[in-house]
Structure formats: C-alpha cells, structure tokens
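# Observations on the model geometry
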Amino acid sequence: MKVARLQQIPDGDNETMIPVLSSKKASELPVDEVASILQANLQHGLKNCEVCHRRAFHGWNEFDISEDEPLWKKYISQFKNPLIMLLLASAVISVLMHQFDDAVSITVAIVIVVTVAFVQEYRSEKSLEELSKLVPPECHCVREGRVEHTLARDLVPGDTVCLSVGDRVPADLRLFEAVDLSIDESSLTGETAPCAKSTAPQPAATNGDLTSRSNIAFMGTLVRCGKAKGIVIGTGENSEFGEVFKMMQAEEAPKTPLQKSMDLLGKQLSLYSFGIIGIIMLVGWLQGKHILDMFTIGVSLAVAAIPEGLPIVVTVTLALGVMRMVKKRAIVKKLPIVETLGCCNVICSDKTGTLTKNEMTVTHIFTSDGQRAEVTGVGYNRFGEVILDGDVIHGYNNPSISKIVEAGCVCNDALIRNNTLMGKPTEGALIALAMKMGLDGLQEDYIRKAEYPFSSEQKWMAVKCVHRTQQDKPEVCFMKGAYEQVIRYCTSYSCKGQILPLIQQQREQYQQEKTSMGSAGLRVLALASGPELGQLTFLGLVGIIDPPRTGIKEAVTTLITSGVAIKMITGDSQETAVAIASRLGLYSKNSQAISGEEIDDLDIQQLSQITPKVAVFYRASPRHKLKIIKSLQNNGAVVAMTGDGVNDAVALKAADIGVAMGQTGTDVCKEAADMILVDDDFQTIMSAIEEGKGIYNNIKNFVRFQLSTSIAALTLISLATLMNFPNPLNAMQILWINIIMDGPPAQSI
Ligand code: ATP
C-alpha cells in the first residue's frame, strides 16, 4: 500500500507543508480534518494563485513514467537483426579477401537499410504516443467560489471536485458530499458490481483494502449513479491508480487481427525465401561458383525478399490513418477499429444530436381546450412571438397557453443566460418559449420540494413545488414528457379555466393532434399539473422542431449506395421518427419501424429475421440497443452503434464499433467506446468508414508491391542459377534494388 509522501514546499513565498494524504489515512479522518491538513476550502475551492503554487510543488495530475531510451540506442538495436548481422559478416569477409569495393558497398547498403527501418519504427512509436494524448480527461472543480470545467491534469491536492453520473473520477478524492453515489471500481479492484459510497469516516481497522474505503473516490473509476463532491487527496503518481497505470504501461498493447495476419505472412514468406535461397546457394556451389559470392548473394536475397518491415509498416499505416481521422473529427481509440471500420456494413445511430442538430425550438402549441397557436423565432432567446388566430399572445392574456408555459418552465432544469443554454435543449426550448411570452421569471415563483428526474426509460419528468408567496397552500405537481406517459397520470383536463373529467373523446382528440404534430417531424411534449401524480390535469401539447444536420441526407445516400445500412434508434414517437427518417432518406416504402415494446416481445432469433428491413426503432431506450446489436450480428453484420448516456455503455462494448458522442457523451460511454465523434456529427462516421477502407486498401497494396519485388528477385536468380547462367545481379545490385524499392515507392503507398 502506498505510504503518504510528505513533501516540503520549497523555501520562499510559502513555508507551509502541503502533504499528500494516502487514501487509507484520509478515509479514517473526518472531512474537516482532511480539509485542514490539505488547507482546502470545501465550498469555495482554492484560489488560482494557490493552485499555481501547489502545482509548482506537486506537479501535474498525470503520469510520466516513460523511461525514454536514447535514440542512438534505438538505432544500434536495429543492427541486432540476424540478416543484418549476416550482411555485416559478408562485409567483413569481403575486407579479409581484399574486395574493398564490395565491402564499402555492402556497408553503405546496411546503413541505408537500417536507417529506413529505424525511421519507420520511430514514426510508429511517435504516432502511437500521439494517440494516447487524444482524449484528455476533463472534470468540474470549484475554484475561487465558481464551478469550472477544467482538464483533469490541472488538479492539485486540496482542490474541490464535483462528480455526476457518467463522470470519470479525475484524482483520488475524499468525499464530503454524496447523494445516491455508486462507483464502478472494476478498473482498479476488478470488482464488477458498482460500489456504494458515503462520506462517514472509516475506522482504521476496517479500511485495509481499497474496496472497503467507501468514502474515497479513486482516480480512473467511473460514476454509475448519483452525484458527489470531494477534496483531492492524491494526484498523478500519488494516486492509487498510479500503481495500476504503471502495470498497464508495462503491458504491451494486443496486436490487431491485421497485424497478426501480417506477422504470420511475414514468417511464412521468410520460411519460403530461406528455402529457395538455400537451394540457390547449394545449386550454385554444386555448379562450382565461388562460395563467398554465393553466400553474399544468398544473404542479399534474404534481405531483399524477406519483408521484415511489414508489421511495422502496418502499425505506421494504421496509426497515420488514425491521425488523419482526428483531423476529420473522429478519435479512434483502438487501432484494430480502423480495420473494422473498413468492413462495417450497418450503422445504428441515435437521432437527436447525431442526425439532427439538437437545437430545439417550440413551433406549435395545442391547448387542452382545442386552441392552436404558432410560435416564431429560433434559438435560445426571446426573439419571437406566440400567435393565436392572428393575435400575439403575451404574459397571462391567454390562461390556457400561459398554464402550459408555466408547467414547462417550472418542471425544468435548464437556464438561458446571454442567449446561451445551460442544460438540455428540449428544456431550453420551453424556457425560450416563456421568454417570448415575457414569463421567464416563472421558475423563481416556486420552491421545489421533490423531483422525479427525466430518464430515457421513463420518458417523463415531474416536480412537486409550493408557490413562494403562498407557502401555506398545498403542493402542486408539474409534469412534462411523452404524451402516452403523461396522459396515464391525468384524470382531468383544463377547459377555459375549468377542470373537467377526461373523457374518451378528449383523449382521441389529443392523440390525433399528437400524431399530426409528430408526422410533421416535431418532437411532442405533453404537459400537466395537479395536486398528485395520479390526479393531474392535462394542459396541452407543444411541438418542438429539431432540424436535421446539414449534409446528413447526402451522407446517408452515399452510405446506402455503398452498401452500408443505416438504422435510426430514438426515444421519440413513431410519427416523429418516421417523418425525420423519411426526410433524411433512410426510411422508404419498403422499410419498417418497430417500437421498444415490440423489441421486448421478440427474442433475438425473431428479431434477427426482421431487423434487416427495419430502418427505425422508435420509443426505444438504451436497454434495447444491446438486443438490436445482437440480432444484427446474428445475421453476420458488422455493426457500428452510437451512444451518449451511462446506460449506452454495454451496447457500445457489444457493438463491433462503439461510437461515443464527444460533446454530449458521458465519460462512461466514452470509456466504453472504440471511437469518439468530436462534434457528435453522423457525417464523421462516414468519413471514418471511408478512411478505414482506404487504409485497408493501402496495406493490401503495400503487401502486393513488396511481394512482387521479392518474387521478381527470387525468380530471376533462381532461374539463372538453375540454367547455370552467370548471376544476372550481384549482391550489391540486389541490395540497391531493395533500397530503392523499400524507399520512395513503398513509403508513398
Ligand atoms: P436519441 O438521442 O436516442 O434520439 P431521443 O432524444 O430521441 O433519444 P429521449 O431523450 O429519450 O429520446 O426522449 C424520449 C421522449 O421523452 C421524447 O420524445 C419526449 O417526449 C420526452 N422527453 C425528452 N426530453 C425530455 C425532458 N427533458 N423532460 C421530459 N420529457 C422529455
């Protein structure tokens, strides 16, 4: 176990000692004591000058354990190749036999061959190093009294860090606030079940191993549920993860299937080449040719024919391809994925934010008493109007509409400041609607007493509140969500200020309205309020537009024509999903759409029979994704699947190519994914697939080229020897041809 390393601040501006606490010690102490040892301010965080000061002393929160071998040593190690040794031997023999011109030519050739191999290997190492720096971890920490979004490497001991669902813990933290927190520590302890966490100190006798330190969040672990705050107790190599990291570094990355098959090909070719060269040397010797000549020709042929650079070239090609993909905004985390991309034939994509812009604007309002209003303006601002029968509606001058706006505003966690949205776009659209009506202060009128948060499984959100100025009055519930869900909680509807019992005729009218809004491609939200969740009054519907991203239609057409099927998976309703899918060209007359419920009713075999025809999975939630992937893979498809939430992680792991969203995605899903789309754009998947196919072809071309030069050299010398002709090429000529062939043409391929 790591022992706390006490370090002394250098003499000068500050004489204080800022120790690094071991997680064992920190878990035994009460939070206040930990804070006072680390001179931390739990609520306001550290001051920026203090952070700089501590960083100068503790360093960055990262690992730097690479002991770089000097370049000259790497260069010398290239000479350890047995073939090069043989060539060197033949150069020495040439010197001994006073054939100095041969010796010089062979030596120059050796230097060039070794240099080419060294440069290739160096490039490969450098590009792999670059890859590991592509996704720098980020976090939320409190500094100077404000929550800041910073890089995890900036953290210093004593910083206050906020954690929420889906986050990767950025340093070892002593928790001082934890609500419903459970953390997946499998990367550290191997324990797969998430671990519940709390803040209470742990007696020294019971916190011997990492799993029992329930008030510590360890660096590199993943928040599965809840939220928390903690003080940084250990960063970089002073964290518990430091040890694991060192072990991980020591472990060599597994080879990709392509690298493995190239290794095998290389070995087979070497074996055949050696066999043929052996025969050539034997026949030449039997024909009475000079033994040294035959030896040098044999060794040179071996150097020319054996594709010793093949595995390195494959790694360089893959790594360079990955760097090119980064320029196209796709970060590929694992090299094998480049090959898989080349043969991907089904893409399952989320709708919101990937195919559409996730810029939501309310355009239609339908009140429970049958009024239809239109809303103008776009974006998260107050520019726009609500128009009913040609009249502009403002403030409370239409109670049916203002009630909808009130419910949408109070049952909401988003904020719009300076035309910038903080929160979910669907909720931002409702705040913007309130701003257009001059009702945006409504949120502050209520004090929230309880909350039922939105989830993709549940598809609704509700809050229980009291009015700020009438706190003696009973609590009110506000609910918003998918129409089918909200209506289940309603017993009445609002009609011109009156509350009337909800009858079948009303339900049918609302259902029709919801279908017609959905068929126009709008996302539909139903709103309700009332004293209790089961006794709500239905208030009406809002239709929200989320325009398709530009260029998606073209990308979809290109992919479909090149044989890649595209399936949309969305939590939205059938009408909305089908309308958007048709607009994007991924749903046609022969396509099918099935719902999450239908997926539940089918087993994998049954689902496999219909998935080839299904283009849209609607009212689906993350748990359906796994079943969809399995059913497609059952049919032999190579599947790419997109995801952003914590619940998508399993599906991303199961897919052949798990694709996480760079902007909206949680750390958990980025961790599980093979590829990250920096700007969440579907078109990037297309570029990555194109790039993958290109790389695959490049490698194929390189192998063909290498083989053709090797076979040509071997055949020429074999035939000449068999026919007892004088050797058409001497050793130096073979080596020079090899250098030229391994040089510009092969490198460019
Ligand atoms: P995807 O990104 O996979 O396409 P989605 O955005 O289409 O997902 P969800 O976010 O799960 O799907 O939304 C499903 C339904 O839940 C929506 O059609 C809407 O009716 C409702 N909904 C969405 N966001 C909220 C919210 N913040 N509060 C209440 N209801 C919501």
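Residues numbered from 1 in each chain as written. Predicted model: local features only at pLDDT ≥ 70, side-chain atom pairs only at ≥ 80, totals over all residues. Heavy atoms only, no water.

### Some thoughts on the overall build of the protein chain
For clarity, the threshold we go by: Comment: elements are numbered from the N terminus, with helices defined as DSSP H or I runs of at least four residues and strands as E runs of at least two. Relative accessible area decides the class of each residue, using a 1.4 Å probe on protein chains only: under 20% of the type maximum gives buried, over 50% gives exposed, and in between gives partly exposed. Here, two residues are considered to be in contact whenever any of their heavy atoms come within 4.5 Å of each other.
Looking only at helices and strands, the protein chain has 26 helices and 28 strands in total. Across the 749 residues in the protein chain, those meeting the buried criterion constitute 52%. Across the protein chain, contacts joining residues at least 24 apart in sequence account for 66% of those joining residues at least 6 apart.

### Let's talk about the side chain of T537
Applied cut-off: The definition of a polar contact used here is a pair of N or O atoms within 3.5 Å, where within protein one atom must be able to donate a hydrogen and the other to accept one, and adjacent residues in sequence count solely through side-chain atom pairs.
Examined against the element boundaries, T537 turns out to sit in strand β22 (residues 536–545). Given the relative accessible area of 8%, T537 is considered buried. A distance of 2.9 Å separates the side chain of T537 from the side chain of S492, its partner in a polar contact. Residues in contact with T537, not counting those within four places in the same chain, are C490, S492, Y493, S494, I499, L527, A528 and S529.

### As for the packing of aromatic side chains
Cut-off, in case you're wondering: Any two of the Phe, Tyr and Trp rings considered here, Trp counted by its six-membered ring, make a pair once their centres fall within 6.5 Å; the pair's planes then place it as stacked at under 30 degrees, edge-to-face at over 60, or tilted in between. Whether a charge sits over a ring depends on NZ of Lys or CZ of Arg being within 6 Å of the ring centre and within 35 degrees of the ring normal.
Using the criterion set out here, one finds 9 aromatic pairs in the structure. What links up through ring pairs into an aromatic cluster is the set F366, Y483, Y493, Y510 and F538. Taking the ring centre of W60 as reference, the NZ or CZ of R153 above it sits at 4.0 Å.

### Focus on helix α21 (residues 622–634)
At 3.6 residues per turn, the α-helix brings residues three or four places apart onto the same side. For clarity, the cut-off: Residue count minus one, scaled by 1.5 Å, sets the expected span of a helix. In this context, the arc is that of the directions from the helix axis out to the C-beta atoms.
When the terminal C-alpha atoms of α21 are compared, their 19 Å separation across 13 residues agrees well with the 18 Å that a helix rising 1.5 Å per residue should span. Residues of α21 that are buried: P622, H624, K625, I628, I629, S631 and L632. Considered in projection along α21, the buried side chains sweep an arc of 165° and stay on one side of the axis. The first or second residue beyond α21 is G636, which carries a positive phi of 85°.

### Describing the state of the cysteines
Cut-off, in case you're wondering: In this description, a disulfide is simply a cysteine sulfur pair whose atoms lie within 2.5 Å.
Summed over the entire model, instances satisfying the criterion amount to 0 disulfides. Considering cysteine sulfurs only, C343 is the nearest to C344, which forms no disulfide, with 8.0 Å between them. On the accessibility criterion, C344 (2% relative accessible area) is buried.

### Considering the pairing of strand β3 (residues 160–163)
The cut-off we apply is this: For two strands to be treated as a pair, DSSP must find at least two bridges joining them.
Of the two faces of β3, the one holding T160 and C162 and the one holding V161 and L163 are both buried throughout. When strand β1 (residues 138–143) meets β3, the two strands line up antiparallel, connected through 3 bridges. Note on β3: the bridge partner recorded for H140 is C162. Pairing geometry for β3 and strand β7 (residues 222–234), over 4 bridges, is antiparallel. In the strand pairing of β7, V161 is matched with G230.

### Description of the nonpolar core
Our working definition: Within this scheme, the nonpolar core is defined by two criteria: the residues are buried Ala, Val, Leu, Ile, Met, Phe, Trp, Tyr or Cys, and they are joined through side-chain atoms within 4.5 Å.
Membership of the largest hydrophobic core comes to 46 residues, with the highest contact counts inside it found for L341, I347 and F682. Top element by residues in this core is helix α24 (residues 682–722). It accounts for 8 residues. In this structure F682 touches I347, S349, T354, L355, I552, V556, L559 and I566, once residues within four positions along its chain are discounted.

### Examining the site of the ligand
Put simply, the rule reads: Nearness is judged by heavy atoms alone; a residue qualifies as near a molecule or strand once a single heavy atom is within 4 Å of it. Each accessible area is a Shrake-Rupley result for a 1.4 Å probe, and residues are judged covered by the shown protein chains and nothing else.
Taken together, 21 residues are adjacent to the ligand, and K351, T352, R523, T570 and D572 come closest. In the environment of the ligand, a nitrogen atom lies 3.2 Å from a nitrogen or oxygen atom belonging to the side chain of E427. For the ligand, an oxygen atom lies 3.3 Å from a polar atom in the backbone of V524. Coverage of the ligand by the protein amounts to 91% of the 630 Å² it exposes when considered alone. Those elements that provide at least two residues to the shell around the ligand are α14 (425–436), β18 (476–481) and β21 (523–530).

### A look at the pairing of strand β20 (residues 498–501)
Pairing between strand β19 (residues 490–495) and β20: 4 bridges, direction antiparallel. Directly across from S494, in β20, lies its bridge partner I499. A loop of 2 residues connects β19 with β20, the two strands running antiparallel in sequence, and K496 in this loop sits at a positive phi of about 50°.

### Some thoughts on the pattern of salt bridges
Here is the rule: Salt bridges, as used here, are contacts in which a Lys or Arg side-chain nitrogen is within 4 Å of a carboxyl oxygen on Asp or Glu.
For the coordinates displayed, the defined rule picks out 26 salt bridges. When the shortest N-O distance is used, the salt bridge between R523 and D572 registers 3.2 Å. Here D572 lies in the loop between β23 (565–569) and α18 (574–584) and R523 lies in strand β21, a separation of 49 residues in the sequence. What makes D572 buried here is its relative accessible area of 5%. Several salt bridges converge on common partners, so that one network encompasses K24, K25 and E28.

### Re α24
In this model, α24 (41 residues) spans 60 Å end to end at C-alpha, consistent with the 60 Å of a helix rising 1.5 Å per residue. At the N-terminal boundary of α24, the capping side chain belongs to D681, with an oxygen 3.0 Å from the backbone nitrogen of Q683. N724 occupies a position one or two residues after α24 and carries a positive phi of about 60°.

### What to know about the packing of helix α16 (residues 504–519) against α18
The relative placement of two packed helices comes down to the angle between their axes together with the axis-to-axis distance. Using the following cut-off: For every element, the axis is a line fit to its C-alpha atoms; helices are fit only across the contacting stretch, and the angle between N-to-C directions ranges from 0 to 180 degrees. What sets the label is the angle itself: under 35 degrees gives roughly parallel, over 145 gives roughly antiparallel, 65 to 115 gives roughly perpendicular, and the rest give oblique. Rotating anticlockwise by less than a right angle from the far helix to the near helix defines a left-handed crossing, while the corresponding clockwise rotation defines a right-handed one.
Running from N to C, α16 and α18 cross one another at 20°; their axes reach a closest spacing of 7 Å. Relative to α18, α16 is oriented roughly parallel. Pair α16 / α18 crosses with right-handed handedness. Two secondary-structure elements touch here, α16 through K514, T515, G518 and S519 and α18 through E575, T576 and A579.

### What to know about a nonpolar patch on the surface
So the rule is basically this: Each patch groups residues whose relative accessible area exceeds 30% and which form no salt bridge, using 9 Å between like charges and 5 Å between nonpolar side chains of Val, Leu, Ile, Met, Phe, Trp and Tyr.
Residues V104, V108, W736 and I740 make up a contiguous nonpolar surface patch of roughly 350 Å² in combined accessible area. For the nonpolar patch, the secondary structure elements donating two or more residues are α6 (100–132) and α25 (731–742). Take V104: it is sitting in helix α6.

### Some words on the sheet that holds strand β9 (residues 346–350)
Strand order across the open sheet formed by 8 strands is β8-β28-β27-β26-β9-β23-β25-β24, with mixed pairing between neighbours. With one partner strand each, in any of the chains shown, β8 (330–332) and β24 (592–595) form the two edges of the open sheet. Put simply, the sheet's adjacent strands are angled 20° from each other on average, direction ignored. Here 3 bridges tie β9 to strand β26 (residues 639–643), and the two strands are oriented parallel to one another.

Shape descriptors only; they carry no functional weight alone.
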